[in-house]
Amino acid sequence: MMATPSVAKNAITSTSSHLSEACRSMPFCRAQLLLLSNEWREELTMLGPELGDGISAAIEEERDPRNLLISFTLVKKVLGDFPAACASRETVQSLFETLSSYFPITFQPPKGDKVGITGDDLRQALSQAFCSSQRLAELVIPFLLDASKDIEADVDATVAQAMQTLCFCLQNFGATAAQKHLKHILETCRDQVCRTKTTCGAEFCKAVTESLKVSLQGVPAGLHPHWLAKDVVPQLQEMADDASKGRMSLASEGARQLLLSAAAAHPIVYESVWSAVMKAFLEGKEGEEAFFSIDALEFMVELLQRQQGVFTAKQLQPALKGALETMRTILPQSEEQLHPLVASVELVKRLARLSVASEALQAWQMALLGAAGGPWSSWATAWQEHLSSKPASDPCVTALVQAVCEIMPREIDQAFSLAERLLKVSSTSAEWLPLAMPQLLAHTALSLARAELKGEGRENRQNLGQALLLRASEIFRQHGASGHFEILASLADALDLPTDEGTRWVAAQIATALGLPSSVPEIAEGLTTDFDGGLKSPSVDTVLHRAQAARRFLRMLCRHLPEDQARGVQRRLLESIALSSFNVLANCTALLPGILPEACAKSWNFCQRTMPAVCRCASDADPDLAESTCAEAIALEALEALVENAPVDEVPMLLENFRDTFGQLLRGSAASARQGRGAALCWASATSALLRRSGAQQQAAAFLEALLNALDQEAPVGPFVPLAFRVLAPVKVEAAKGARAKLPPLALQQLSRTVLPSLLSRAKALESQPWARRAALESAVALLAGLSPEVASTDCSEELRFCTLTSLKRLKEEAEASVFGAQVLQLLVRAIQKKQPWVEDDLHSVVLPICDLCSSHRTPLVRLGCFQVLIALIQQAFGHLAPYKKQIEAGCKRGVEDRCREVRLLAVAALNAWHCVGSQ
């Protein structure tokens, strides 16, 4: 049915701010329906200026958040979708004034809110209304820039919101509006970042990037618009002048961040920034080479990291000369001079990638292996003497070695000379050489192998390369476990390149030099048994780190070897796992993920034979490896890798064998606690792998159901179900506990939706055994702790409340479980940070157990977590804590006398927070 303009006018203008919200909401909704409906568009357009006037009058002085959302939508619709004649200039001004009166939006939903409107919803709607028409650009952009200079209370929130809204509006207003206001934007950002101590520097920098990016939309690379030289280049030069004053200047740090933000906007701007920086930063007296100040090195590296476009030789040469001259001035006179060398080497390296690198490469080689005359002789001699007593992990040694390895392929002539020097130098002439030399040897051999040489040069190259890799293998065999795996990591770095003739040749030579495939077990020799510093066995984290290095080396090597050689290496490793025992089994099992998934695809029969040995190692069933946490950790990783990478048609048989091995322990057969624990870990690892496989959801669900059913029976696995869930959703709460790869966030969230209700029903079931309720509760806590704080607080709020409060009561009664206790406190801290309403509602059930546990629990990590909870509570809910003053102060005073230093420090912090917040 067609409506008359008078009816439309009445519908638009019938809202009064003096009516109650319930009375006003209906006209607002009616106006929104009219504007959003195309059926009424013609009648509304016929109203002309009266349409805009009606909307302006309707939204004035509105305060209800529901009506505000509609108001902002109405403004967006009338200015964005209707002809300009429907809103006169005066109406546009009035609408802007109304919109701006709501800025900044600080709305927070009240406690127990059921409407569901958030501050972000209102801010987004206001931003969309602000940029709904180009006619608003002249009003909105200056207003937001003025708002960013606000010096009143809560200035940080206002400034941040102003800059975020400005960026959003510029993207919608487009290039013309951005160009017109660009100078004003840059001036405002520079004034605020360089002339004040604003804490919103990141927001201003983003505004610089976005304004330049929008202004240059559609401008082809290489074309410099006229307004760039007038409005942008002078501003950039002033920023560069401020930035060159050094970090002691208030303006310097801010100017540098603004320059980096501008450089990231567009290749044309990057070129202008580079020119301004070269002019301001290169120093030097007349007749001397220009150089960069030491203070400028890190900034120059950051600027090069944002490089856009291609440099010309004219742009590069002054910078490279200046960087080399700066590096020459840095001598090992004091410890403070070491980090500048690292920064200067990094800067020269990045510039050398783009230009001639021979001088830089020669200087670095001389500093590492000794001087051979020339202009760098004295500098290199000083550094070579200084570094001779440094370990391979020294930052300066690492920087120089990596620079040589990276730049050497560009300078093949120097690769030959370096190869000859490396073959002559003694590995004991410097402390760093034994561990770093294999890296230099491998990269030099690789550079020679990839060089395009023919005839005699080619033969000489191969002979040198073989000699280099042979020496690298000799050094590898001479080292213990620590250096052993560092060398493997450096060889993996050298091989981490696309496969070509050179990498294939080097991989084959390394395999021959190391005696592969027959010596595959030797690659991981000492992985789990060698002592760190001769004092104690390696930690799980150390073992996993070593295993990662060995796997990566094996993966890189097999990638470049011919297929038959790679398969030989893989099968030798699989045979070693299937036939070995004791530490050889653990060491070889650690290497297994390094040959997957290729080995599964090509040699599944061999992979399948390793499953019993891997399960034996992972389940702690091998008597030679009993109670070896390191062997257990690496075997669980290998088990997950096998299940995850098994061929699709082999998965059913693999899982059937798995059920035959461990299924009875989940159904109630008699077994020891150690067997039950091992079965729970292996079952969880297989389940985790199935959850990561595509198309294996049903099989994963069946495995999860079997795990849950173990809680309903007197099964050996039952008490260890929480341990299984810590495998599925690992949270690192102990420094010595290695954490395996987590499930993807989406898979973990889906797991919580399907499994968490079952766990909670078992935890609440009064007819269940106490151990079953306890295991179900611990499993639910482990699963919640593995979720992101946002998901746990929104999708699982009720479950979070029940698990946290119930677990706190249990911790007070049983002060034994350390990992469980730490996870419970982690959940409580997250709930406080996310302002969960139930925390304040149940303060009695929170504060009293915490005050007791902060001194009574045996685990320092749990006591530490209790004080973190107290600090968070004091900061967010101090006004509600008065009834518990006595308990809080007593708990803090006991914590100040704790035997653990970290707990004492946090107890003092909690006591200070209590008194400081209370005095405000």
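Scroll up a little and you will see the structure.
Overview of the structure. (Residues numbered from 1 in each chain as written. Predicted model: local features only at pLDDT ≥ 70, side-chain atom pairs only at ≥ 80, totals over all residues. Heavy atoms only, no water.)

### A closer look at the pattern of salt bridges
Counting across every chain of the model gives 32 salt bridges. In this structure, Asp120 and Arg123 form a salt bridge, with 2.9 Å as the shortest nitrogen-oxygen distance. Pair noted here: Asp120 and Arg123 are both in helix H7 (residues 119-130), with a separation of 3 residues, about one helical turn. The class for Asp120 is exposed, based on a relative accessible area of 52%. Residue Arg328 pairs with Glu359 through a salt bridge whose shortest N-O separation is 4.0 Å. With Arg328 in helix H16 (residues 313-329) and Glu359 in helix H18 (residues 358-369), this residue pair connects regions lying 31 residues apart in the sequence. Under the relative-accessibility criterion, Arg328 is labelled partly exposed at 26%. (Salt bridge = Lys/Arg side-chain N within 4 Å of Asp/Glu carboxyl O. Helix = DSSP H or I, 4+ residues; strand = E, 2+ residues; numbered from the N terminus. Buried < 20%, exposed > 50% of the residue type's maximum accessible area, 1.4 Å probe, protein only.)

### Some details on unusual backbone geometry
With an omega of -5 degrees, the peptide bond between Phe103 and Pro104 qualifies as cis. Mapped onto the elements, Pro104 comes out in the loop between helix H6 (89-100) and H7. Note that the residue after Leu596, namely Pro597, is joined by a cis bond; omega there is 5 degrees.

### Structural notes on the nonpolar core
As a rule of thumb, soluble globular proteins bury nonpolar side chains together. In terms of nonpolar packing, the biggest core is built from 324 residues, with Phe72, Trp274, Met327, Trp364, Trp432 and Phe553 touching the most fellow members. Sequence-distant contacts of Trp364, defined by excluding residues within four places in its chain, comprise Met327, Val345, Val348, Lys349, Leu400, Ala403, Val404 and Ile407. (Core = buried A, V, L, I, M, F, W, Y, C linked by side-chain atoms within 4.5 Å. Contact = heavy atoms within 4.5 Å.)

### Structural notes on the packing of helix H39 (residues 770-786) against helix H42 (residues 818-833)
Helix-helix packing is described using two parameters, namely the angle between the two axes and the distance between the axes. Contact geometry for H39 and H42: axes closest at 9 Å, N-to-C directions at 50 degrees. The orientation of H39 relative to H42 falls into the category oblique. Crossing angle aside, the handedness with which H39 passes H42 is left-handed. Where H39 approaches H42, its residues Leu777, Glu778, Val781, Ala782, Leu784 and Ala785 are matched on the opposing element by Phe820, Gln823, Val824, Gln826, Leu827 and Arg830. (Axes fitted to C-alpha atoms, helices over the stretch in contact; angles between N-to-C directions. Parallel < 35°, antiparallel > 145°, perpendicular 65-115°, else oblique. Left-handed = near helix turned anticlockwise from the far one by under 90°.)

### Topic: helix H41 (residues 797-813)
Taking 1.5 Å of rise per residue, 17 residues should cover 24 Å, and H41 covers 25 Å from first to last C-alpha, within 8% of that figure. Tucked into the core, H41 has its buried residues touching helix H38 (745-764), H39, helix H40 (789-794), H42, helix H43 (837-841) and helix H44 (843-856). (Expected span 1.5 Å × (residues − 1).)

Limitation: the analysis is restricted to geometry and does not speak to function.
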